[in-house]
Amino acid sequence: MAQEVTCTSGVSQSQGLYTGNATPAPGDQSWDGTSLPGMPLSRSVDQGTLHAELCFLYWFHNQRLEMSPGEKYKITWYVSWSPCSDCAEKVATFLAAHRNLSLAIFSSRLYYFWKPDYRENLRRLTQEGAQMAAMSFLEFKKCWSEFVYNDNQLFRPWKKLTRNFSFQDEKLQEILRLLTEEVFYVQFGNSQKVKPVQHRYCRRKTYLCYWLEGPSGPRVLSGYLQNKKGKHAEILFIDELRAMELHQVRITCYITWSPCPECAQELAVFKRDRPDVVLRLYTSRLYFHWMRQYQKGLCSLWRSGIQLEVMDLPQFSDCWTNFVNSQNPFRPWDGLRKNSARIQRRLRRIKESWGLQGLTNDFENLQL
């Protein structure tokens, strides 16, 4: 594991390498092999043997935090494997206890990415503020330059580096339940025409981002879904919700297309089965809004108590922050507010034509 530490002055404080099965320096009386302030270590770890991530935290705490506790640090890791489940949990605990740190982790490969506990603890890392990304050509090049005795030789990428990066990046985004910026701008864009990306035209698909909020307020679950194996994203969403014991939760969904009639009916049935669940749908665009069958499906949502509204700047910004990039602000595209107003008028006309405007106003008055 290669690491770089930078303080608030922007001057590199330390660079180095940590390898697996490293042992803390002998003779340091502050280390007992089982605990570290702000980061309880499992006693199941072999005595005197730790993974590289935990050795770094041990060194960083004793050599940096104790000497300059008020300093702010930016830490960058280049790791051959993403942290194991145990290390990810402990690093997340350490970050939660030391809010003056920011950590960016670039991994060459994902370690046991199909195991649920490994995936969950990688998500916990990001929840505590860590930034995670797969190593691209630029990261490999920088790691080569900073941490490899290269005799002034340039970094030469191996075959399929870019293809392998794409696979690792796709899997990591899936684990973290994040959309790429390109996908967000293409799929959630509310313009009538799709602008080409790198001279390629992309088909607009259904993406559904959701988060659940418990009775006390904090978000308890979030994720995104898209059409898969003959099932629409809304049906996959309902399947996930039915597998959970939900009571008195508020669910907010951001969706690229309004539901088709079949999906709208299934969502309405789900809502009627769970009257104590508050479900809000914000759509970027209306799907076949001129067809009466599709309008009828939207009406079934409103009649069941589901709120259906059009995404505007606040919803696009919130979706970006929670499902794309929490570090950089959302940059609206040209015509976003104008397009939202146009789609809102269409949706309002559908409500009025079916005599549901009063029902919608009742929902707003209740502030569901």
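Residues numbered from 1 in each chain as written. Predicted model: local features only at pLDDT ≥ 70, side-chain atom pairs only at ≥ 80, totals over all residues. Heavy atoms only, no water.

(A) Layout of empty space enclosed by the protein. Within the structure shown, the criterion is met by 1 cavity of 30 Å³ or more. Considering the residues around the largest cavity, the lining is formed by F56, L57, F60, I75, W77, F94, L95, L101 and L103. Broken down by element, the lining of the largest cavity gets its largest block of residues, 3 residues, from helix α1 (residues 52-65). Partitioned by chemical class, the residues of the lining of the largest cavity number 9 nonpolar, no polar and no charged. (1 Å grid on protein atoms, 1.4 Å probe; cavity = no way out; pocket = protein on both sides within 12 Å on 5 of 7 lines; lining within 4 Å. Points joined across faces, edges and corners; volume = space filled by probe spheres on them. Helix = DSSP H or I, 4+ residues; strand = E, 2+ residues; numbered from the N terminus. Nonpolar A, V, L, I, M, F, W, Y, C, P; charged D, E, K, R; others polar.)

(B) A look at the layout of surface pockets. Space inside the second largest pocket adds up to approximately 510 Å³. In terms of lining, the second largest pocket is formed by 14 residues, of which the most central are E174, Y224, L225, Q226 and K228. Of all the elements in the fold, those that place two or more residues in the lining of the second largest pocket are α3 (116-127), α5 (161-176), β9 (219-226) and α7 (233-242). For the lining of the second largest pocket, the per-class residue count stands at 4 nonpolar, 2 polar and 8 charged.

(C) Geometry of the confidence of the model for the protein. Counting all residues, the mean pLDDT for the protein is 81, and 81% of those residues have values of 70 or more. Every residue in residues 8-13 scores below 50 in pLDDT, and together they form 10 contacts with partners more than four places removed in sequence or on other chains. Ignoring residues within four places in sequence, the model shows residues 362-368, a span with pLDDT below 50, making 11 contacts including any to other chains. (pLDDT = per-residue confidence, 0-100. Contact = heavy atoms within 4.5 Å.)

(D) Quick peek at the pattern of salt bridges. Within this structure, the stated rule accounts for 7 salt bridges. As a salt-bridge pair, R242 and D273 come within 3.5 Å of each other at their nearest N and O atoms. Separated by 31 residues along the polypeptide, R242 in helix α7 and D273 in helix α8 (residues 261-273) bring together distant segments of the chain. (Salt bridge = Lys/Arg side-chain N within 4 Å of Asp/Glu carboxyl O.)

(E) Layout of the packing of helix α9 (residues 292-304) against helix α11 (residues 336-353). Interhelical geometry of α9 versus α11 gives an angle of 80° and a closest axis separation of 10 Å. With respect to each other, α9 and α11 are oriented roughly perpendicular. Residues R292, Q295, L298 and W302 of α9 lie in contact with α11, whose contacting residues are L347, I350, K351 and S353. When the residues that make up the contact of α9 with α11 are grouped by side-chain class, the tally is 4 nonpolar, 2 polar and 2 charged. (Axes fitted to C-alpha atoms, helices over the stretch in contact; angles between N-to-C directions. Parallel < 35°, antiparallel > 145°, perpendicular 65-115°, else oblique.)

(F) Highlighting the packing of aromatic side chains. Within this structure, the stated rule accounts for 38 aromatic pairs. Taking the centre distance of 6.4 Å and the plane angle of 15° together, the rings of F140 and F155 count as stacked. Pair noted here: F140 is in helix α4 (residues 137-147) and F155 is in the loop between α4 and α5, with a separation of 15 residues, a long-range link. No difference in accessibility class separates F140 from F155, as the two residues are buried. Taking the centre distance of 5.7 Å and the plane angle of 90° together, the rings of F155 and W158 count as edge-to-face. (Phe/Tyr/Trp six-rings, centres within 6.5 Å; stacked < 30°, edge-to-face > 60°. Buried < 20%, exposed > 50% of the residue type's maximum accessible area, 1.4 Å probe, protein only.)

(G) The arrangement of the packing of helix α2 (residues 85-97) against α3 in detail. Between α2 and α3, whose axes approach to 8 Å, the crossing angle comes to 20°. With respect to each other, α2 and α3 are oriented roughly parallel. In the crossing of α2 with α3, the sense of the turn from one axis to the other is left-handed. In contact with S85, A88, E89, V91, A92, T93 and L95 of α2, α3 contributes D117, Y118, N121, L122, R124 and L125. (Left-handed = near helix turned anticlockwise from the far one by under 90°.)

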